[in-house]
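# Examining the three-dimensional arrangement
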Amino acid sequence: MSSDKKSSKKPFIFIAIAATIATVGGIYFYVNSGFETTDNAQIDADIVPIRTSVSAYVQEVRFSDNEFVHRGDTLVIMNDVEFRAKLQQAQAALENAQANLVAVQNNASASVLNVDAAVMSSESAAQSIEIARARLTKVQEDYNRIKNMFAAKAATKAEMDAIEAELAVAKAQFAASSNQFKASNAQSKGVRSQSEGQKAMVNLAQALVRQREAELHLAETMLSYTTILAPCDGVVAKRSIEVGQYVAMGSPICTVVDNTNLWISANFKETQMEAIHVGQTVQVKVDAYPHLKLTGKVEAFVGATGAKFSLLPPDNATGNFVKIVQRVPVRIKLQELNAEQRNLLLPGLSTFVSVNVR
């Protein structure tokens, strides 16, 4: 009798178990159907390599490896004796060019005044010609009248001789005035040409001043490069210089990891991308700190799949084609990080991300 009861209860037990499994499966499916997840993700940050911009000896190193620095902090001081000397040379060259410009401008101003004087002299010579011409005309008329009178015995020999002498003087004065005008005119043209040359010299002197100013600016810039500053807040790592070491331009000094601006680089399968959009909420778990729960938002998509950024991107047009599910890099911005969390989260740590796509 009891065996019959047990056998009659078995179907109900199986049904209950199946119902429980279905319920749990349904709940799990409902919970997870609204999320896209991946464990192919890591923490990222700006990693700034610091290099020298000049060749010089290291005079002072003001940081230690793995030390936190603030933006603008002095990291390294190079020996600047040579660069200060070059700066003084550039300053002296600029002062010389500026003095030369003043002298050339004064010469140009004097040349303009000379042109004005030459023009006035030429105009005066032209007026002298008109005066000499008017006098010559009058003397010529007097000569003609006295000559006729002398022929008619109405004028004396002395009057005739006097008028002839006066006519000769008038002609000589007219010729002299004409020659003076030609000379004055030629001198005016010469002075005007000199003035144009002085203007060109002013332009040349101004160009030289601009060149010296550029050289001074370059010397100031090179001098500023002897003091190397931290470009951002962060941790200094990979120190590679010592005091007294000679470093060439472009030599690496250290690397600054900007841990004040952290994000997640998650690589989702291409089949997951349809449901993921910018602005969706993301839950982040860090493998190194399982207790740490972070939140973020989808910020941006990279412009191509990860394979396209590889050193040797695949070319599916050659050889045999094997389809591989591609990964699309997605940038996730972390939210509400405090100073302690930023110190814990190091670029490169693995994470698990879950994007709410509901």
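Just so it is clear, the structure is predicted and the values come from calculations on it, not from any experiment.

Summing up its helical and strand segments, the protein has four helices and twelve strands in all. Burial analysis of the protein (358 residues in total) assigns 28% to the buried set. If you take every contact in the protein between residues at least 6 apart in sequence, the share linking residues at least 24 apart comes to 80%. Element-wise, carbon and sulfur atoms account for 56% of the exposed surface of the protein, whose accessible area totals about 22700 Å².

So, on to the pairing of strand 10 (residues 289-301). Two strands pair when backbone bridges link them, and strand 9 (residues 281-286) and strand 10 are joined in this way by six bridges, in the antiparallel orientation. Looking at the pairing, Lys-285 lines up with Lys-293 of strand 10. The turn linking strand 9 back onto strand 10 is made up of two residues.

Turning next to the sheet that holds strand 4 (residues 74-78). Spatial strand order, 5-4-2-7: four strands in an open sheet with antiparallel pairing. Each edge of the sheet is formed by a strand with only one pairing partner; in this case those strands are strand 5 (227-229) and strand 7 (246-247). By the bridge criterion, two bridges tie strand 2 (residues 56-61) to strand 7 in an arrangement that is antiparallel. Counterpart to Tyr-57 in the pairing with strand 7 is Tyr-246.

Here we take up the pattern of salt bridges. Opposite charge on two side chains lets them pair, provided their charged atoms get close. With the rule as written, the count across this model stands at six salt bridges. Of the charged contacts in the structure, one is a salt bridge between Glu-60 and Arg-62, with a shortest N-O distance of 2.9 Å. Judged by relative accessible area, Glu-60 falls into the partly exposed class, the value being 29%. Among the ionic pairs, Arg-331 bridges to Glu-299, the shortest N-O distance being 3.0 Å. Highlighted residues: Arg-331 in strand 11 (residues 327-335) and Glu-299 in strand 10, separated in sequence by 32 residues. The class of Arg-331 is partly exposed, set by a relative accessible area of 29%.

Of note, Phe-268 is situated in strand 8 (residues 252-269). The buried category is assigned to Phe-268, whose relative accessible area is 0%. Taking the C-alpha atoms as reference points, Phe-268 and Arg-327, separated by 59 residues in sequence, lie 5.3 Å from one another.

Now for the packing of aromatic side chains. Under the definition given, this model contains one aromatic pair. The ring of Phe-63 carries Arg-239 above its face, with NZ or CZ at 5.6 Å from the centroid. Above the ring of Trp-263, the side-chain terminus of Arg-331 is found at 3.8 Å from the ring centroid.

In this structure, Phe-63, Leu-75 and Val-76 are the most contacted members of the largest nonpolar core, which totals 32 residues. Looking at this core, the elements with two or more residues in it are strand 2, strand 4, helix 2 (81-151), helix 3 (157-224) and strand 8. Broken down by element, this core gets its largest block of residues, seven residues, from helix 2. The contacts of Leu-75, once residues within four sequence positions are left out, are Glu-60, Val-61, Arg-62, Phe-63, Val-69, Ile-228, Leu-229, Ala-230, Val-236 and Cys-254. Residues Ile-43, Leu-262, Val-330 and Val-355 belong to the second largest nonpolar core, which totals 24 residues.

Criteria and thresholds
Residues numbered from 1 in each chain as written. Predicted model: local features only at pLDDT ≥ 70, side-chain atom pairs only at ≥ 80, totals over all residues. Heavy atoms only, no water. Helix = DSSP H or I, 4+ residues; strand = E, 2+ residues; numbered from the N terminus. Buried < 20%, exposed > 50% of the residue type's maximum accessible area, 1.4 Å probe, protein only. Contact = heavy atoms within 4.5 Å. Areas by Shrake-Rupley, 256 points an atom, 1.4 Å probe, with all protein chains shown as cover. Pairing = 2+ DSSP bridges. Salt bridge = Lys/Arg side-chain N within 4 Å of Asp/Glu carboxyl O. Phe/Tyr/Trp six-rings, centres within 6.5 Å; stacked < 30°, edge-to-face > 60°. Lys NZ or Arg CZ within 6 Å of the ring centre and 35° of its normal. Core = buried A, V, L, I, M, F, W, Y, C linked by side-chain atoms within 4.5 Å.

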